[in-house]
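# Chain and residue survey
Residue-level listing of the chains:
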Amino acid sequence: MSIRIVKSGLLTSLQDLGRTGYQKFGVLVNGAMDTFSLRLANLLVDNAPGEAAMEMTLQGPELLLAAGTIFALSGADLAPTIKGKAVPMLRPVFVMKDCILHFGGYRRGCRGYLAVAGGFDVPVVMGSKSTYLRAAIGGYEGRALQAGDTIHTGICSESMALIRQRMALRASEEPFVAVPWFVDTAFIFESASIRAMKGMQYDWFTEQSCRDFFSEGFLVTMQSDRMGYRLEGARLALREPREMISEPIAFGAVQVADGNPILLLADRQTTGGYPKIAQVILADLPRVGQMVFDTQIHFSLVSQREAELRYLEQEKYMETLAKSIWQKLEDEAGR
Amino acid sequence: MDDIREKLRNAKLLPVGEAAVLVSFDTKIDPVVHQAVRAFAACLEQHPFKGMTEYVEAFTGVTVFYDPAKICGEGLLQPDPEQAYSYQAVVRYLQKLLSGIEIAAQDEPRCVRIPVCYGGAYGPDLEAVAEYHGMTAQEVIHLHAGGAYLVYMIGFAPGFPYVGGLPACIATPRRKSPRLAIPKGSVGIAGSQTGVYPLETPGGWQLIGRTPLALFRPEDQENPSLLRAGDRLEFYEITQQEYEAMENEGSVPRP
């Protein structure tokens, strides 16, 4: 089966959990900005959680879906419709007749994910299907999706194949059918503060700057993308000018250049030479990935232990979701 | 050998968030520190731990990335309540590794020769660099191609080498206004660094030449970077004709 891109949307690319293991060669990690939503969309169509999905930014694409396609939408609500009828998110949707999936604009969040049963059949480059835009590798021909592209889907799981057979027997006038159950993931849009630990060079900053960073709000400016969010707010200053030697960077590092913080994200470079005042905790990165321009970020300081506990809690939650979704899908398949 | 051992013995372990640890051997760029980085990276390659996702070598240390959910921090004696238990378990493991490193006789470093067509359209800033130092362009070329270089690390962009060893007399500040697109293969100087751009990117480096060699080779999934940390580097001058011939050769797909 395949999906045809009728309109590209603002920035639509294939992403998975990233290209790990190649940073020592300077190769960026890339991957989904909101990995929680990516994994969830995959689970809903019985894919491996790290399969590639379409990451759609603010203005989604227009997609021609073939009858028999099973997909799930997660992350940002980009107002999806088929033939003018709203398409419910966070659950599997079965396409009954060839139809066009349209996205009207963004209602909540920044990045939506579309996973299809069987995943996307694109080459695995250095262990990942993620699109690396600048190096033009991975994803669909190393680039963002464009009108006219056709992406083939892979082989779906047995349960999904059974569900597809069952659906094909159903007489329906509707272009799609969705299950009544869904997963609630409103937490990724919560506006609560973003939790962070002290960064590697935290002590290099003036007391005032450290205080401001964790008390003042910062604006996500228009100069923000998958590489990082350029933030604007209190000016952050070093105690004294210091020469910094380039060192590796982790997802969620907050480096300071020219007094302004930059929150480094999925397409961050592997190493950098600017001092880092903070490191956002893993559990809050999905929320960061859903922020749109012009929102305020507030940071709050937590310990490393706290960060670990929140991460383990989120992983546990994901595990629980995986189990219950799997059970639901087995029921749908009549097994 | 003893000075490398001392660096390894005195390593500092520092948290990089809750999913990575920096093993730092010093705070300055130095060939001995670099040897310690190499020795430790080689050891990690041999003895990875469960849950480790990757490691990245840099000038003064190695950053080790891991998944806290895959590290068992249970059974730690009196864990620090502020620190992640997975971090403490990883630190314990790495400390053990550090104390037991056998420094193998250092392999003879690879020497990679990089052909460069200096000046002209390929090196639009060569004249400005020469002028800055009150030299002729030929003198700059001679000095640049005569240097003994060491690749300290690969980072910033795929295959991009951080190189030490630029003769101090041709160190040149970055351009005042950065270029929006620096062509792939450009050889430049920025302060006391010299390097080669593997991909077209924006940047403020002074461009003195260009190489037809591909530094980033994504088709080679085992070794996508031509250069590796620890390589010795030599630049040598080629003519524009040689450049073009090599470039055409390079466009033939590898087996």
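Each chain has its residues counted from 1, following the order in which its sequence is written. The lettering of chains begins at A and the numbering of ligands begins at 1, in the order of writing. Predicted model: local features are reported for residues with pLDDT of at least 70 only, side-chain atom pairs are reported and counted for 80 or more only, and whole-chain, interface and lining totals are derived from all residues. The side-chain values count all of the structure's non-hydrogen atoms but skip hydrogen atoms and water molecules.

### Topic: the domain arrangement of chain B
Many authors give the size of an interface as the accessible area that is lost as the parts come together. All names here are of chain B. For chain B, the assigned domains read domain 1 (2–99) and domain 2 (111–249). Each domain span listed reflects an automatic or database assignment of domains. Taking the mean C-alpha position of each, domain 1 and domain 2 sit 32 Å from one another. Counting residues at the interface gives 8 residues for domain 1 and 7 residues for domain 2. Summed over both partners, the accessible area (1.4 Å probe) lost when two parts come together is defined as the buried area. Each partner contributes to the roughly 700 Å² buried at the junction of domain 1 and domain 2, and carbon and sulfur atoms together form 70% of this total. Considering only the surface of domain 1 that becomes buried against domain 2, His34, Glu57 and Phe59 emerge as the three largest contributors, covering 62% of it. Polar contacts, as used here, are pairs of N or O atoms within 3.5 Å; protein pairs need one atom able to donate a hydrogen and one able to accept it. Residues neighboring in sequence count only if both atoms are side-chain atoms. Where domain 1 packs against domain 2, one counts 1 residue pair in polar contact (both at pLDDT 80 or more). If you tally residues by element for the side of domain 1 that touches domain 2, the top one is helix H2 (residues 31–46), at 3 residues. Contacts are assigned to residue pairs with any non-hydrogen atoms lying within 4.5 Å of each other. Counting from the N terminus, the helices are the DSSP runs of H or I reaching at least four residues and the strands are the DSSP runs of E reaching at least two.

### Points about the pattern of salt bridges
Salt bridges are counted wherever a side-chain nitrogen of Lys or Arg sits within 4 Å of a carboxyl oxygen of Asp or Glu. Inspection of every chain in the model, using the stated rule, returns 27 salt bridges over all chains. A salt bridge links aspartate 26 of chain B to lysine 28 of chain B, with the nearest nitrogen and oxygen atoms 3.5 Å apart. Exposed residues in this analysis have more than 50% of their type's maximum accessible area, buried residues have under 20%, and partly exposed residues fall in between, with area computed by a 1.4 Å probe over protein chains only. You can call aspartate 26 of chain B buried: its relative accessible area is 18%. The class of lysine 28 of chain B is partly exposed, set by a relative accessible area of 44%. What emerges from the salt-bridge pattern is a single network uniting Glu55, Arg111, Arg226 and Asp267 of chain A.

### A closer look at the state of the cysteines
Residue and element names in this part refer to chain A. A pair of sulfur atoms, both from cysteines and within 2.5 Å, is called a disulfide here. Tallying each qualifying case throughout the model produces 0 disulfides over all chains. Free cysteine: cysteine 156, not disulfide-bonded; nearest cysteine sulfur from cysteine 99 at 17 Å. Its relative accessible area of 16% is what places cysteine 156 among the buried residues.

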